[in-house]
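Single-letter residue listing:
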Amino acid sequence: MAIPVMRTSSWIKVRNSPIHGRGVFAAKRIPKGTRVIEYLGDRISHAEADQRYEDHNPNDNHTFLFIVDKKVVIDAGVGGNAARFINHSCDGNCESVIEDRRVFIETTRVVQKGEELGYDYEIGREKDDPPNVDEIFACRCGSPKCRGTMLWPAKDPRKKKAVAKKKATPVKSTKGKPTKGKATKGKPSKSKSGKSKSTKGKSRAGAGRSRR
Ligand SMILES: [Zn+2]
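J.: Sorry if this is basic, but what is going on with the overall build of the chain here?
T.: The helix and strand inventory of the chain stands at four helices and 13 strands. Within the span of the chain, comprising 212 residues, buried residues form 31% of the whole. Counting only contacts in the chain whose residues sit at least 6 apart along the sequence, the fraction spanning at least 24 positions is 71%.

J.: I'm lost on the sheet that holds strand E3 (residues 35-39) in this one. Help?
T.: Strand pairing in a sheet is mediated by backbone hydrogen bonds. Such pairs are either parallel or antiparallel. In space, the three strands of this open sheet follow the order E3-E9-E8, with antiparallel pairing throughout. Of all strands in the sheet, those bounded by a partner on one side alone are E3 and strand E8 (94-99). Neighbouring strand axes in the sheet, compared pairwise and without regard to direction, differ in orientation by 30° on average. Relative to strand E9 (residues 102-107), E8 is paired through six bridges, and the arrangement is antiparallel. If you follow Cys94 over to E9, its bridge partner there is Thr107.

J.: What is the right way to look at the nonpolar core in this model?
T.: Across soluble globular proteins, you tend to see nonpolar side chains buried next to one another. Ile12, Phe66, Ile105 and Leu117 are the most contacted members of the largest nonpolar core, which has 31 residues in total. Going through the elements one at a time, strand E2 (22-26), E3, strand E5 (65-67), strand E6 (73-75), E8 and E9 are the ones with two or more residues in this core. If we ignore the near neighbours within four places in the chain, the residues touching Ile105 are Val36, Ile37, Tyr39, Ala83, Ile86, Cys94, Ser96 and Tyr119.

J.: Could you clarify how one ought to interpret unusual backbone geometry in this entry?
T.: With the exception of glycine, the majority of residues adopt a negative phi angle, and the majority of peptide bonds are in the trans configuration. For the peptide bond that leads from Trp152 to Pro153, omega is 0°, which places it in the cis range. Along the chain, Pro153 turns up in the loop between strand E12 (151-152) and helix H3 (157-168). Although it is not a glycine, Glu122 adopts a positive phi angle of roughly 45°. By the secondary structure assignment, Glu122 is in the loop between strand E10 (118-119) and strand E11 (123-124). In this structure Glu122 comes out as buried when scored by C-beta crowding, with 22 C-beta atoms within 10 Å.

J.: What's the story with the environment of Phe66 in this structure? I'm lost.
T.: As for its position among the elements, Phe66 is in strand E5. Assessed through the 24 C-beta atoms surrounding it within 10 Å, Phe66 is described here as buried. Residues Phe66 and Arg209 lie 143 residues apart in sequence; the distance between their C-alpha atoms is 4.3 Å.

J.: Could you clarify how one ought to interpret the environment of Arg7 in this entry?
T.: Along the polypeptide, Arg7 turns up in the segment before strand E1 (12-16). Given 13 C-beta atoms within a 10 Å radius, Arg7 is considered partly exposed. For the pair formed by Arg7 and Asn81, sequence separation is 74 residues and the distance between their alpha carbons is 6.2 Å. Sequence-distant contacts of Arg7, defined by excluding residues within four places in its chain, comprise Glu38, Leu40 and Asn81.

J.: I'm lost on the pairing of E3 in this one. Help?
T.: Both faces of the sheet carry side chains from a regular strand, because those side chains alternate between them. Here E3 lies mainly inside the structure; four of its five residues are buried. In the sheet, E3 pairs with E9 via four bridges, with the strands oriented antiparallel. Note on E9: the bridge partner recorded for Tyr39 is Val103.

J.: Whenever I open this one, the environment of Ser143 confuses me. Can you help?
T.: By the secondary structure assignment, Ser143 is in the loop between helix H2 (133-136) and E12. Judged by the 13 C-beta atoms lying within 10 Å of it, Ser143 is partly exposed. For the pair formed by Ser143 and Asp91, sequence separation is 52 residues and the distance between their alpha carbons is 6.3 Å. Beyond its immediate stretch of four places on either side in the chain, Ser143 contacts Ser89, Cys90 and Asp91.

Criteria and thresholds
- Residues numbered from 1 in each chain as written.
- Predicted model: local features only at pLDDT ≥ 70, side-chain atom pairs only at ≥ 80, totals over all residues.
- Helix = DSSP H or I, 4+ residues; strand = E, 2+ residues; numbered from the N terminus.
- Buried ≥ 20, exposed ≤ 12 C-beta atoms within 10 Å, placed from the backbone.
- Contact = placed C-beta atoms within 7 Å.
- Pairing = 2+ DSSP bridges.
- Axes fitted to C-alpha atoms, helices over the stretch in contact; angles between N-to-C directions.
- Core = buried A, V, L, I, M, F, W, Y, C linked by C-beta atoms within 7 Å.

Given below as structure tokens:
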């Protein structure tokens, strides 16, 4: 009983977006919890994705890759559908849900006709990220909750640590308090995405967009 392929969708229209390039917009009012479209493309291994985009300009944030799990990446640059044009948003109206190792975009609230669809790409940080990675993946979603970057977590934890260390050294300082407050500020990692309807709780762990 495989889930039917959702290559097209009457819920949406692709047109130019004020956020970035082309975007996906509601063709009509979409109820909350609607499975709008499937994220389709060439299903390849991580190694193959690396190879395919070996010469990719590291300063180009354009990506059609979606990490399904440790083994599979969907490259919507090859055989992709309209789902690849859904832009990132820090506080979007959709989320990506992985089921049977396939990716679906679902609304998390009612979307009015003409509204642009968006979901959080939660692009992972990697050890070999260039120092300007947050500039490359700067977010301009315009949401009041915009964290300024498409990357997740919002801040590089390594940088945070470095700052904390520096602060810890001057023992004399009287305003030593703020350090702890800062640490708790970090968003509850991943837990938000754990709300997947999929029965396999594991499936969303590796979810997110890749860049390569
Ligand atoms: Zn944003």
